[in-house]
Amino acid sequence: MRVSSSAVSLTVDDVPASSKFLVTHFGFTERMAADGFASLGRDDAAMDVIFLRRGIEVLPEELRERHASGTIIAFVVDDLDAEHERLRAEGVTITLPLREEPWGERLFMVTDPNGVPYELVEWVAT
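Residues numbered from 1 in each chain as written. Predicted model: local features only at pLDDT ≥ 70, side-chain atom pairs only at ≥ 80, totals over all residues. Heavy atoms only, no water.

Chemist: Where do I start with the pattern of salt bridges in this structure?
Modeler: Side chains carrying opposite charge are able to pair once their charged atoms draw close together. Counted by the stated rule, this structure contains twelve salt bridges. Residue R53 is joined to D35 by a salt bridge in which the shortest nitrogen-to-oxygen separation is 3.0 Å. Remark: D35 occurs in the loop between β2 (29-34) and β3 (37-41) and R53 occurs in strand β4 (residues 48-53); sequence separation between them is 18 residues. Across the pair E90 and R86 runs a salt bridge, and its minimum N-O distance is 3.0 Å. For E90, a relative accessible area of 36% puts it in the partly exposed group. Three or more residues are tied together by salt bridges with common partners; here these are D81, E100, R106 and E122. (Salt bridge = Lys/Arg side-chain N within 4 Å of Asp/Glu carboxyl O. Helix = DSSP H or I, 4+ residues; strand = E, 2+ residues; numbered from the N terminus. Buried < 20%, exposed > 50% of the residue type's maximum accessible area, 1.4 Å probe, protein only.)

Chemist: Please explain the nonpolar core as it appears in this structure.
Modeler: A general tendency of soluble globular proteins is for nonpolar side chains to be buried together. In terms of nonpolar packing, the biggest core is built from 24 residues, with L22, F26, F51, V110 and Y118 touching the most fellow members. Taken together, the elements giving at least two residues each to this core come down to β1 (7-12), α1 (15-26), β3, β4, β5 (73-76), α2 (80-89), β7 (105-111) and β8 (117-123). For this core, the element with the most residues is α1, which contributes four residues. Ignoring any residue separated from it by four or fewer positions in sequence, one finds Y118 in contact with F21, L22, F26, F51, I73, F75, F108, M109, V110 and D112. (Core = buried A, V, L, I, M, F, W, Y, C linked by side-chain atoms within 4.5 Å. Contact = heavy atoms within 4.5 Å.)

Chemist: Would you mind showing me how to read the sheet that holds β5 here?
Modeler: Within a sheet, adjacent strands bond to each other through the backbone by hydrogen bonds, running parallel or antiparallel. Spatially, β5-β8-β7-β6 is the arrangement adopted by the four strands of the open sheet, whose pairing is mixed. What marks the edges here is a single partner per strand, and that holds for β5 and β6 (94-100). Within the sheet, the average angular offset between the axes of one strand and its neighbour, ignoring direction, is 15°. In this structure, β5 lies alongside β8, joined through four bridges in parallel fashion. Pairing of A74 across the sheet is with E119, part of β8. Each of β5, β7 and β8 touches α1; the most contacted strand, β8, lies at about 30° to it. Against the sheet, α2 makes contact with β6, β7 and β8, and its axis sits at roughly 15° relative to β7, the strand it touches most. (Pairing = 2+ DSSP bridges. Axes fitted to C-alpha atoms, helices over the stretch in contact; angles between N-to-C directions.)

Below is the structure:
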């Protein structure tokens, strides 16, 4: 098997709001969009992010009403402190304060208007 690209698809109520959040605060580009659908990517990201409107008929019936939950989108960054300050300056609410875990992970979280959590991570030597 050869995998040519990767994406995560999340079901949300307001596709344009989540799309705008990734474009505005994380530098993603909306590559494709239609009513109830947006596909976003970055040339330097290992995966694309797709938003589908909850209830959209392209989903199997048993998935149509599920909301993205229990999923965290994590981005590993080079300068976590700079990203933390940049996002705060842009008015993004930090939903999990900056912290360092004993296994060498530094992180903080923000959440988009649909409640999708984004974790920014920097690995440090332990």
